[in-house]
Structure formats: structure tokens, C-alpha cells
Amino acid sequence: MVRSRRSFRHGAGQSAEPGPADLRGLHAVPMVTVRGVPDANDTRLRLIDATIEVIATRGDAAVRLVEVAAAAGITQSSIYYFFPTREELVVAAHRERYRRAVAEVVASFEAEIAAATSFEGFREGAIRALGFAFAPDRRDVRLSRMALLAKALTNDELRREVNDAAYEGHRALAETLERAQRAGWVRSDVSAMTLAVWVRSMIFGRLVLEVDPDRYDGTEWNHLAISSFERTLAAE
């Protein structure tokens, strides 16, 4: 049976190009408390941030504990209060880098949907959020996630951490979509979690053309993806 749904499609005179979304509501970084170590949460975050910077610019192999410790403002031996091994620090940095990338996209959807007071407002906001996710300047973020997922296939600990970070993002996006379902703006015959996973899979799928961008039309792909997004999520 063909379902008749309200369209998210742009009206006459409206631009079809998605724009950046407001990132209000970006998730806070989860922290842990370490007994006996002053300012433990802040120090742990500085270690992770310093490690992320090295990974992003020079790769995993370039992570040196003495360099990371210096960047975090502690001695090398103090790192072991937080991470018993170098590998655990690298895994934690990968997880946090992945989590932040997902959280940015989820936060754009959260902000847009929270601000909506009508179906039309939701439609426009959802398209802006999707436009943020597809933005060309996020290509490197998507490529780094692809490389991380490939690495996780041969590292059980990293795979668990990445899976947990992905689920955290899916759950947050699902909660946002549930609010839109209750308002009658999003179809309710499919669970919000399934819709959240589908949306993120579509965003990640843009990598198929981004690994060889000169041969494909990214703008045309964006329009097709947004059209699919509109038709799939729209309520009857």
C-alpha cells in the first residue's frame, strides 16, 4: 500500500541548499573520578585531547606518552593513574573523537527540533541539520570515522568502545525523533531508534562518493538524500 505523507519538500522560492545548523546543546564530555589525584577529570580530558591532536595530525604510531604528558601538564608517570597502558589511552582518545563527531550531528538535530513549533518549522530545521551533517568541511570527520571503523575490526577493545559511542549517539538522536513523533511530525510506525540508525547510516554513506569526489556530483547526491529523508520520516 502506498502511504501518503506530508512532504518536507521546499516550496517555491525556497533554497534547496542546506545550511549550517545551530550546535546548541552539544553533549557534555563524560568524565570519571579518580581517587587521590587532584583535578582528575580535567587531567584525564587534557590527556585525551592531547592524544586526539596527535592522532588527528600524525596518526596512532606517533603517540608518545612523554609528549602527551607534557601537553597535559603532568609527568609521564602520572598518566598511569588514568590509563594503565598506552593502548588504553589511544583507545580512549579514538572513542572520544568518534563520540564528539557523532554528538555534533545529534546536537544539530536536537537544537533544530527543540526550536520547532510546527511541522513546517520541523521540516526546515531537519533539513538544516542534515545540511550540517553533509557539509563539505566535515568530509575529513567522516573519513576519519571510516578509518576508525576499519581499525576496530581487528581490535576487540576498540570495537566495543566505538560501538558504545555509536549507541550513545543513536539513543540521543532517537530521543529527539521521539519528540517529533509525539508531535505528529514523524511517522510512528517505525521505532525512533530504527529511524535514528537509518539517518546516521545515510550520513555515513556519503563516504562512498567522498573517497573519490572528483568523479561524482555531491550536490546532486545531497538533494537525493534529503528527498529520501523527507519521504521516509514524514508522518501520514
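Preceding this paragraph is the structure being described.
So, a few notes on the structure that sits alongside this text. (Residues numbered from 1 in each chain as written. Predicted model: local features only at pLDDT ≥ 70, side-chain atom pairs only at ≥ 80, totals over all residues. Heavy atoms only, no water.)

Some details on the overall build of the chain
The helix and strand tally for the chain stands at nine helices and zero strands. Ordering the α and β elements of the chain from the N terminus gives α-α-α-α-α-α-α-α-α. Per-residue burial for the chain yields a buried fraction of 44% across its 236 residues. Looking at the chain as shown, the accessible area adds up to about 12200 Å², and 53% of this sits on carbon and sulfur atoms. (Helix = DSSP H or I, 4+ residues; strand = E, 2+ residues; numbered from the N terminus. Buried < 20%, exposed > 50% of the residue type's maximum accessible area, 1.4 Å probe, protein only. Areas by Shrake-Rupley, 256 points an atom, 1.4 Å probe, with all protein chains shown as cover.)

Things to note about the nonpolar core
Among the nonpolar cores identified, the biggest contains 40 residues, and Phe-109, Phe-122, Leu-130, Leu-177 and Phe-229 are the most heavily contacted of them. Within the residue set of this core, elements represented by two or more residues are α3 (86–115), α4 (119–134), α5 (139–152), α6 (156–182), α7 (192–205) and α9 (218–233). Residues Val-54, Ala-62, Val-68 and Phe-83 belong to the second largest nonpolar core, which totals 19 residues. (Core = buried A, V, L, I, M, F, W, Y, C linked by side-chain atoms within 4.5 Å.)

Some words on the pattern of salt bridges
The tally for this structure, following the rule as stated, stands at 19 salt bridges. Asp-42 serves as the salt-bridge partner of Arg-46, at 2.4 Å between the closest nitrogen and oxygen. On the criterion of helical spacing, the pair formed by Arg-46 and Asp-42 is a turn pair, its members being four residues apart in helix α1 (residues 40–58). What makes Arg-46 partly exposed here is its relative accessible area of 28%. Under the relative-accessibility criterion, Asp-42 is labelled partly exposed at 34%. One salt bridge in this structure joins Glu-168 and Arg-95, with 3.8 Å as the shortest N-O distance. (Salt bridge = Lys/Arg side-chain N within 4 Å of Asp/Glu carboxyl O.)

Some remarks on helix α2 (residues 65–72)
What α2 keeps buried is the set Leu-65, Val-68, Ala-69 and Ala-72. Viewed end-on, α2 has its buried residues packed into an arc of 100°, placing them on one side of the element. Looking at α2, the residues exposed on the side facing more than 90 degrees away from the buried face are Val-66, Ala-70 and Ala-71. Positioned one or two residues after α2, Gly-73 has a phi angle of 80°, which is positive. (Arc of directions from axis to C-beta.)

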